Amino acid sequence: MQNIFPAQYSTLSALALKDYLIETYQLDPSTTCRLLIRNVSDTYILENQNQKYIFKIYRDAHRKHNEIEAEVELLNILKTNGNSVSYPITDVFGKQIQQFNAIEGLRNGVLFSFAEGKVILDLENVHLVQLGQDIATLHQSTSSIKLNNARPVFNFETTLFEPLRDLKPHFTEMQEEFEYLTNIADKVVKKFEGFDTSKFSYGYCHYDFFPKNFHFDEQGKITFFDFDFAGEGYLINDLMTFLNHYFFHQLNNLISKEQAEKDFETFLNAYQKVRHLTDDELKAIPYLGITFHIFFLKFFYDNYDDWSNAFLTPRYTKHRITLIKKWEEMYCNF
């Protein structure tokens, strides 16, 4: 028997996946399969003359089977409720999660419907109104359910305190930067003590609502996808992640401060045509941006061995701290 040396992150063959998925989902025999992204998870695109699909392979270190079950459950509910999302496809055996005995152990995969349309980065009023209303409608569903399987929870413990504890060794040579993170985390917590969070809408957040994760088709219909980070928390987390789009757009000199503020206001107004936001929720949105950036610093650190080692250098880390300082300057009033 041949001994295979253990691996921690393999890439499954697109050719072998093509044959497996054609048979398991009874796809057109002409369907092709190619790797699109090797990153947090591995994403493949399947195409034939009439249809497209996305197949995602998760890393066990990032998403356990029960978390994937919860994502699938959430998407099935959203589809049933009429929300326009990329949804899991059921195979000929009635399953929506596939398992593969890869070199590193079992890996799980899901075939998703393709989100028709394209990414639009420079959003016009008509896009912003549709987006605000559609996210609010999505939240109507995600605020009224409780999934059978657990998803991550976004609170101060998971987005501030735990990240800072885990990140401390990474900042051994960057004490000034770590002290800044510790201080601003305390400021965020104190700021929230002044908000009436008992009236904040709570449910399942997408937590990554950048334009790269929703497509507009030619008729203006939006399809949301990539719910990999979906978890429980204040629903304004999703509005905060979209605000990050304008944050980076301004930093890259792609939009003026005035236009960014006007566009985000248009988006918020459209959202509130469907779901009301309290004054405190509106005031709290910018401060959750601090938790978002610290959370993802920990995410990069946790996944250093598998993919973030290509960029998570001291220079990059200091750059991310600079971004947080810039966010504080632009949006926060401590």
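Before going into details, it helps to say that this report is about the structure given with it. (Residues numbered from 1 in each chain as written. Predicted model: local features only at pLDDT ≥ 70, side-chain atom pairs only at ≥ 80, totals over all residues. Heavy atoms only, no water.)

## A closer look at the overall build of the protein chain
Link 1 in the chain: The number of helices and strands found in the protein chain is 9 helices and 9 strands.
Link 2 in the chain: Against the globule reference of 20 Å for 334 residues, the protein chain gives a C-alpha radius of gyration of 21 Å, in line with a compact fold.
Link 3 in the chain: Expressed along its principal axes, the backbone C-alpha trace of the protein chain runs to roughly 60 × 50 × 40 Å.
Link 4 in the chain: Split into buried and exposed, the 334 residues of the protein chain put 54% on the buried side.
Link 5 in the chain: Sequence-distant contacts in the protein chain: of pairs separated by 6 or more residues, those separated by 24 or more amount to 75%.
Link 6 in the chain: Element-wise, carbon and sulfur atoms account for 50% of the exposed surface of the protein chain, whose accessible area totals about 16300 Å².
Link 7 in the chain: One finds the centroid of the 33 positive side-chain charges in the protein chain at a distance of 2 Å from the centroid of its 45 negative side-chain charges. (Helix = DSSP H or I, 4+ residues; strand = E, 2+ residues; numbered from the N terminus. Rg over C-alpha atoms; globule rule 2.2 N^0.38 Å. Buried < 20%, exposed > 50% of the residue type's maximum accessible area, 1.4 Å probe, protein only. Contact = heavy atoms within 4.5 Å. Areas by Shrake-Rupley, 256 points an atom, 1.4 Å probe, with all protein chains shown as cover. Lys, Arg positive; Asp, Glu negative; His and termini not counted. Charge placed at Lys NZ, Arg CZ, Asp CG, Glu CD.)

## Concerning the sheet that holds strand β3 (residues 52-57)
Backbone hydrogen bonds are what pair the strands of a sheet, in a parallel or an antiparallel way.
Link 1 in the chain: An order of β1-β2-β3-β5-β4 is seen for the 5 strands of this open sheet, with the pairing classed as antiparallel. The open sheet has two edge strands, β1 (32-38) and β4 (98-102), and neither has a second partner. This sheet shows a mean twist of 25° between the axes of neighbouring strands, independent of strand direction.
Link 2 in the chain: In this structure, β3 lies alongside strand β5 (residues 105-113), joined through 5 bridges in antiparallel fashion. Residue pairing in the sheet places Ile57 in a bridge with Gly109 of β5.
Link 3 in the chain: Relative to the sheet, helix α2 (residues 65-80) contacts β4 and β5, its axis offset from that of β5 by approximately 10°. (Pairing = 2+ DSSP bridges. Axes fitted to C-alpha atoms, helices over the stretch in contact; angles between N-to-C directions.)

## Focus: helix α7 (residues 257-272)
Link 1 in the chain: Its 16 residues give α7 an end-to-end C-alpha distance of 23 Å, which sits within 8% of 22 Å, the value for a rise of 1.5 Å per residue.
Link 2 in the chain: Buried within α7 we find Ala260, Asp263, Phe264, Thr266, Phe267, Leu268, Ala270 and Tyr271.
Link 3 in the chain: Structurally, α7 contributes buried residues whose contacts are with α3 (125-142), α6 (236-251) and α8 (279-302). (Expected span 1.5 Å × (residues − 1).)

## Observations concerning the nonpolar core
Across soluble globular proteins, you tend to see nonpolar side chains buried next to one another.
Link 1 in the chain: Leu181, Phe192, Phe224, Phe227, Leu239, Phe242 and Phe267 are the most contacted members of the largest nonpolar core, which totals 85 residues.
Link 2 in the chain: Broken down by element, the residue count for this core peaks at 12 residues, all from α8.
Link 3 in the chain: If we ignore the near neighbours within four places in the chain, the residues touching Phe227 are Glu71, Leu74, Leu75, Leu78, Val85, Leu138, Arg151 and His206.
Link 4 in the chain: Residues Leu12, Ile57, Phe100 and Ala102 belong to the second largest nonpolar core, which totals 17 residues. (Core = buried A, V, L, I, M, F, W, Y, C linked by side-chain atoms within 4.5 Å.)

## Observations regarding the environment of Asn48
Link 1 in the chain: Here Asn48 is to be found in the loop between β2 (42-47) and β3.
Link 2 in the chain: Overall, Asn48 belongs to the buried group, its relative accessible area being 15%.
Link 3 in the chain: Leave out the neighbours within four places in its chain, and Asn48 touches Asp28, Ser30 and Thr31.
Link 4 in the chain: For Asn48, the side chain forms a polar contact with the main-chain nitrogen of Gln51, separated by 2.8 Å. (Polar contact = N/O pair within 3.5 Å; in protein donor to acceptor, adjacent residues only side chain to side chain.)

## A word on helix α1 (residues 14-25)
Link 1 in the chain: Helix length check: α1 (12 residues) gives 16 Å between terminal C-alpha atoms against 16 Å at 1.5 Å per residue, within 8%.
Link 2 in the chain: By the burial criterion, the buried members of α1 are Ala14, Leu17, Lys18, Leu21, Ile22, Thr24 and Tyr25.
Link 3 in the chain: Here the buried face of α1 lies against β1, β2, β3, β4 and β5.
Link 4 in the chain: A side-chain oxygen of the first residue of α1 lies 3.3 Å from the backbone nitrogen of Leu15; this N-cap is Ser13.
Link 5 in the chain: Phi turns positive, to about 50°, at Gln26, one or two residues after α1.

## A closer look at the packing of aromatic side chains
Link 1 in the chain: Tallied over the entire structure, the rule returns 43 aromatic pairs.
Link 2 in the chain: Between the aromatic rings of Trp307 and Phe311, the centroid separation amounts to 5.7 Å while the plane-to-plane angle is 50°, which identifies the pairing as tilted.
Link 3 in the chain: A relative accessible area of 15% places Trp307 in the buried class.
Link 4 in the chain: The ring of Tyr9 carries the charged tip of Arg38 above its face, separated from the ring centre by 3.9 Å.
Link 5 in the chain: One residue, Arg59, lies across the ring of Tyr9, its end atom 5.3 Å from the ring centre. (Phe/Tyr/Trp six-rings, centres within 6.5 Å; stacked < 30°, edge-to-face > 60°. Lys NZ or Arg CZ within 6 Å of the ring centre and 35° of its normal.)

## Section: the packing of helix α4 (residues 156-167) against α8
Link 1 in the chain: The N-to-C vectors of α4 and α8 enclose an angle of 45°; their axes lie 9 Å apart at closest approach. Between α4 and α8, the interaxial angle falls into the category oblique. Crossing angle aside, the handedness with which α4 passes α8 is left-handed. In this structure, α4 contributes Phe156, Thr158, Thr159, Leu160, Glu162, Pro163, Leu164, Asp166 and Leu167 to the contact, and α8 contributes Thr291, Ile294, Phe295, Leu297, Lys298 and Tyr301.
Link 2 in the chain: Taken together, the residues of the contact of α4 with α8 break down into 9 nonpolar, 3 polar and 3 charged. (Parallel < 35°, antiparallel > 145°, perpendicular 65-115°, else oblique. Left-handed = near helix turned anticlockwise from the far one by under 90°. Nonpolar A, V, L, I, M, F, W, Y, C, P; charged D, E, K, R; others polar.)

## Notes on the environment of His276
Link 1 in the chain: Assignment of secondary structure puts His276 in the loop between α7 and α8.
Link 2 in the chain: Its relative accessible area of 62% is what places His276 among the exposed residues.
Link 3 in the chain: Along the chain, His276 and Gly203 lie 73 residues apart, while their C-alpha atoms are 15 Å from each other.

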